[in-house]
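Structural characterization, general
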Amino acid sequence: MPTLAQLVDGVIGVDSHRDTLAAAALNPVGGLLGQTAARADTAGYRELLGFARSHVPGRRCWAIEGAGSYGAGLAAFLGANGERLVEAARPKRPPRRSRAKTDAIDAVRAARDALGQEPHELAAPRQRGDRQALRVLLTTRRTAMAARTAAVNQLKALLVGAPEELRAELRSLPTRRQIAVCAALRDRPTRSLEHQMTVRVLRSTARRIQALQAEAEELHGQLQRLTAAIAPWLLELFGVGPVSAAQLLVSWSHAGRFRSEAAFAALAGASPIPASSGKVTRHRLNRGGDRQLNQALHTIALVRLRDDLETHAYATRRTTEGKSPRDVKRCLKRIIARQLFRLLERYDQPGVEVLMAA
């Protein structure tokens, strides 16, 4: 299969930062045609597009490092102007001792790395719009849940060293009840200063937990409404809830982004990695890829193992073949990735703007 260098007249590599963008235009054999830098705003995007048109007037491709973060604005602008884009991985550092690094050098490396790869090995940037809406909801909910967990751990630690009267009242209660009781605690001026301050801290921590829980539930409801409007069929699949469905849509992004279901499984960290040695032939877990997508597949697999008779029968059969529980889950996640990818590729997304307008 030909590499990208055989299909284009040049590649423009971009190293993106918050305020500046460094670009380098290379010919198909990796020769430097020109370099420039521009501000990360609309005027700078136009300047870079003019630079690319003057140095690579024919078939060109952009390799943007950080296309989902600092380079997102440039990627959206170029996509609207019909430019071909790929998302460049973090450029490899040279093996020599000097390890030279500048923004201009990184832009050249991004372009050269793209030139040497086959087109199917290069990922297109994720779409924005409804996918970006899902992503920000997922990220905010994830941080809220992490903060809630940290606050619950803090509450538990405070109870360990609390005055005995408080400990005796709260230690035997379940976590939810502990939070509710602590949130309703009142100051008692007749108690010691230690007792009063402990009550205040317990109350403050418990109310923070309740606020974070309410925020997470609100975001969960928004995720459910948005995924139901974008892909209602996805929520009808066994074991797929709003959070898992949203993560699938965000990671998959759009049809054609992946060359095959195997590439999608590799992104999800669900592709088996050969780990054979001597007389042993086996595969091990893939601990790379998008770990949030892998977590979504893992959640779906656990729900199906628990409640789906067909999945339970499959797990039983593979166990009798000598597979360990971990290997069974690995195989099951690979099957789920294949099923979901094929459904997502056939999926069309009508009616999304109706929800956004509502």
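Parameters and conventions
Residues numbered from 1 in each chain as written. Predicted model: local features only at pLDDT ≥ 70, side-chain atom pairs only at ≥ 80, totals over all residues. Heavy atoms only, no water. Helix = DSSP H or I, 4+ residues; strand = E, 2+ residues; numbered from the N terminus. Rg over C-alpha atoms; globule rule 2.2 N^0.38 Å. Buried < 20%, exposed > 50% of the residue type's maximum accessible area, 1.4 Å probe, protein only. Contact = heavy atoms within 4.5 Å. Areas by Shrake-Rupley, 256 points an atom, 1.4 Å probe, with all protein chains shown as cover. Lys, Arg positive; Asp, Glu negative; His and termini not counted. Charge placed at Lys NZ, Arg CZ, Asp CG, Glu CD. Pairing = 2+ DSSP bridges. Axes fitted to C-alpha atoms, helices over the stretch in contact; angles between N-to-C directions. Salt bridge = Lys/Arg side-chain N within 4 Å of Asp/Glu carboxyl O. Core = buried A, V, L, I, M, F, W, Y, C linked by side-chain atoms within 4.5 Å.

Topic: the overall build of the protein chain
The secondary structure content of the protein chain amounts to 14 helices and 7 strands. For 358 residues, the compact-globule formula gives about 21 Å, and the C-alpha radius of gyration of the protein chain, at 26 Å, lies well above that figure. With the C-alpha coordinates aligned to their principal axes, the bounding extent of the protein chain is approximately 80 × 55 × 55 Å. Within the protein chain, the fraction of its 358 residues that count as buried is 41%. Considering only residue pairs separated by 6 or more positions, the protein chain has 61% of its internal contacts joining residues 24 or more positions apart. Summed over all atoms, the accessible surface of the protein chain reaches about 19,100 Å², with 53% contributed by carbon and sulfur. If you average the places of the 56 positive and of the 33 negative side-chain charges in the protein chain, the two averages end up 6 Å apart.

A look at the sheet that holds strand E5 (residues 85–88)
The strand order E3-E2-E1-E4-E5 describes an open sheet built from 5 strands, whose pairing is mixed. This sheet does not close on itself; its edge strands, each paired only once, are strand E3 (32–39) and E5. The sheet shows a mean angle of 20 degrees between the axes of neighbouring strands, direction not considered. Against the sheet, helix H1 (residues 42–55) contacts strand E1 (10–16), strand E2 (20–26), E3 and strand E4 (60–65), and its axis sits at roughly 170 degrees relative to E3. Packed on one face of the sheet, helix H2 (residues 72–80) meets E1, E2, E4 and E5 and runs near 160 degrees to E4.

Observations concerning the side chain of Arg-148
Counting through the fold element by element, Arg-148 comes out in helix H4 (residues 130–160). Glu-217 is the oppositely charged side chain nearest to the buried, salt-bridge-free Arg-148, at an N-O distance of 7.4 Å. With residues near it in sequence (within four places) discarded, Arg-148 still touches Ile-179, Ile-209, Leu-212 and Gln-213.

Here's the deal with the nonpolar core
Leu-234 and Leu-249 are the most contacted members of the largest nonpolar core, which totals 37 residues. Listed by contribution, the elements that provide at least two residues to this core are H4, helix H7 (193–230), helix H9 (242–252), helix H10 (261–267), helix H11 (291–307) and helix H13 (325–346). Top element by residues in this core is H13. It accounts for 7 residues. Those residues within four positions of Leu-234 in sequence are excluded, and the remaining contacts are Val-240, Ala-245, Leu-248, Leu-249 and Leu-340. Among the nonpolar cores identified, the runner-up in size contains 20 residues, and Ala-25, Tyr-45, Ile-64 and Leu-85 belong to it.

Things to note about the pattern of salt bridges
On inspection of all chains with the given rule, the structure shows 17 salt bridges. Measuring nitrogen to oxygen at the nearest pair gives 3.5 Å for the salt bridge that ties Arg-109 to Asp-106. Residue Arg-109 and its partner Asp-106 are located together in helix H3 (residues 103–115), separated by 3 residues, close to a single helical turn. In terms of burial, Arg-109 and Asp-106 fall into one category: buried. Two residues, Arg-318 and Glu-321, come together in a salt bridge whose shortest N-O distance is 2.8 Å. By relative accessible area, Arg-318 is classed as buried at 16%. Residues participating in the shared-partner salt-bridge network are Glu-165, Arg-188 and Arg-191.

What is shown is where atoms sit, not what they do.
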